[in-house]
Amino acid sequence: MSTYEYTRPADIERESMHIVEAELVGRGIDIPEENLTVVKRVIHTTADFDYGGNLKFTEDAVKRAVGALRAGGKVFITDTNMALSGISKPSLEKLNSRAFCYMAKPEIMRLAKDNGTTRAYASMRRGAEEHPDAIFVSGNAPTALMAISEMIREGRKPTLVIGVPVGFVNVVESKEELFTLCAVNDIPAIVALGRKGGSNVAASICNALLYQAVDMVDPLKRGWQK
């Protein structure tokens, strides 16, 4: 017999979330109820409680994002295939929604080379051309956020922006600029201020919103086991 108390996936996730919530309380980190599911899932993904302080939300960002997802037909545009692969496909299907990453497309490589930009920048621009009201997701490239900020200045209004790239060059500045622009222009945004982030963080935020939209925050509702 196993010496481990929790061995089933849903049981492990449930207990992990209980631990995360208890530690948030123990550390004196107060998260508004409307943002708690997102913050908990990011910490569950990273085991990093700094996200209890550096994840910032524009007003009603989660409520508005979940409402938009429940309306159906939304598109996620990610800046890495890693983030794309981590987004819950069953949840997308339930919501008649899709997710794309343009980064590896030959056209994007050519555009980036011809215009002297990064592929992340070119892919966000192309994503906006094809899906103007997409949910834009960056977990890797600050140049993706630069492109999104540029598009907002041009008058575009994404459904949601998730800005959590990780790194050292242009990362802090691009996040702060994007968050300010979204707040001023009434665009829902979830941003990890500072250097921390990553494709896994981006995917976890997407899934936290998707699971709320399909009423499957409880892992047992996802059919992992009976």
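Residues numbered from 1 in each chain as written. Predicted model: local features only at pLDDT ≥ 70, side-chain atom pairs only at ≥ 80, totals over all residues. Heavy atoms only, no water.

Participant: Help me get a handle on the overall build of the protein, residues and values and all.
Facilitator: A count of helices and strands for the protein gives 11 helices and six strands. Taken over C-alpha atoms, the radius of gyration comes to 17 Å for the protein, in line with the 17 Å a tight globule of 226 residues would show. Split into buried and exposed, the 226 residues of the protein put 53% on the buried side. Within the protein, contacts between residues at least 6 apart in sequence are counted, and of these 69% link residues at least 24 apart. Total accessible area on the protein is roughly 11,000 Å²; 51% of this is exposed by carbon and sulfur atoms. Counting 28 positive and 28 negative side-chain charges, the protein places the centres of these two groups 5 Å from one another. (Helix = DSSP H or I, 4+ residues; strand = E, 2+ residues; numbered from the N terminus. Rg over C-alpha atoms; globule rule 2.2 N^0.38 Å. Buried < 20%, exposed > 50% of the residue type's maximum accessible area, 1.4 Å probe, protein only. Contact = heavy atoms within 4.5 Å. Areas by Shrake-Rupley, 256 points an atom, 1.4 Å probe, with all protein chains shown as cover. Lys, Arg positive; Asp, Glu negative; His and termini not counted. Charge placed at Lys NZ, Arg CZ, Asp CG, Glu CD.)

Participant: Give a detailed account of helix H1 (residues 9–26), specifying residues and quantitative values.
Facilitator: Its 18 residues place the ends of H1 26 Å apart at the C-alpha level, agreeing with the 26 Å of an ideal helix rising 1.5 Å per residue. Here H1 has its buried residues at Ala10, Glu13, Met17, Val20 and Leu24. Take H1 and look down its axis: the buried residues cluster within an arc of 90°, on one side only. Exposed and oriented more than 90 degrees from the buried face of H1 are His18, Ala22, Val25 and Gly26. Elements that come into contact with the buried residues of H1 comprise helix H2 (33–46). Remark: Gly28 follows H1 within two positions and exhibits a positive phi of approximately 75°. (Expected span 1.5 Å × (residues − 1). Arc of directions from axis to C-beta.)

Participant: Could you give an account of the packing of aromatic side chains, with specific residues and numbers?
Facilitator: All told, the structure shown has one aromatic pair when counted by the stated rule. Geometrically, the ring pair formed by Phe100 and Tyr102 is tilted, given 6.5 Å between the ring centres and 50° between the ring planes. Across from the ring centre of Phe49, 4.2 Å away, lies the NZ or CZ of Arg27, which sits over that ring. Lying across the ring of Tyr211, Arg222 places its NZ or CZ 3.9 Å from the centre. (Phe/Tyr/Trp six-rings, centres within 6.5 Å; stacked < 30°, edge-to-face > 60°. Lys NZ or Arg CZ within 6 Å of the ring centre and 35° of its normal.)

Participant: Run through the sheet that holds strand S2 (residues 75–78), naming residues and quoting values.
Facilitator: The six strands lie next to each other as S1-S6-S5-S4-S2-S3, forming an open sheet whose pairing is mixed. Since the sheet does not close on itself, it has two edges, and those belong to strand S1 (55–57) and strand S3 (98–101), each with one partner. Taking each pair of neighbouring strands and ignoring which way they run, the sheet shows an average axis angle of 15°. Pairing between strand S5 (residues 160–163) and strand S6 (residues 189–192): three bridges, direction parallel. Each bridged residue has a counterpart across the sheet, and for Val161 the counterpart in S6 is Ala189. Strands in contact with helix H4 (residues 61–71) are S1, S2, strand S4 (135–138), S5 and S6; relative to S6, the strand with the most contacts, it is inclined by about 125°. (Pairing = 2+ DSSP bridges. Axes fitted to C-alpha atoms, helices over the stretch in contact; angles between N-to-C directions.)

Participant: How would you summarise unusual backbone geometry if you had to cite specific residues and measurements?
Facilitator: Positive phi, normally seen in glycine, also occurs at Asn96, with a value near 55°. The topology assignment puts Asn96 in the loop between helix H6 (89–94) and S3. Despite not being glycine, Asp186 shows a phi value in the positive range, around 60°. Mapped onto the secondary structure, Asp186 falls in the loop between helix H10 (171–184) and S6. For Asp186, a relative accessible area of 46% translates into the label partly exposed.

Participant: Tell me about the pattern of salt bridges, and please be specific about residues and values.
Facilitator: Enumeration according to the criterion identifies 17 salt bridges in this entry. Its salt-bridge partner being Arg64, residue Asp186 comes within 2.8 Å of it at the nearest N-O pair. One end of the pair, Asp186, is in the loop between H10 and S6; the other, Arg64, is in helix H4, with 122 residues separating them in the sequence. Residue classification places Arg64 among the partly exposed positions, given a relative accessible area of 34%. Connected through salt bridges with shared partners, the residues Glu13, Arg41 and Arg222 form a single ionic network. (Salt bridge = Lys/Arg side-chain N within 4 Å of Asp/Glu carboxyl O.)

Participant: An account of the packing of H1 against H2 is needed here, citing residue identities and associated values.
Facilitator: The N-to-C vectors of H1 and H2 enclose an angle of 110°; their axes lie 10 Å apart at closest approach. Classified by the angle their axes make, H1 and H2 are roughly perpendicular. In this structure, H1 contributes Glu13, Ser16, Met17, Val20, Glu21 and Leu24 to the contact, and H2 contributes Leu36, Lys40, Arg41, Ile43 and His44. (Parallel < 35°, antiparallel > 145°, perpendicular 65-115°, else oblique.)

Interpretation note: all reported values are geometric properties and have no functional meaning in isolation.
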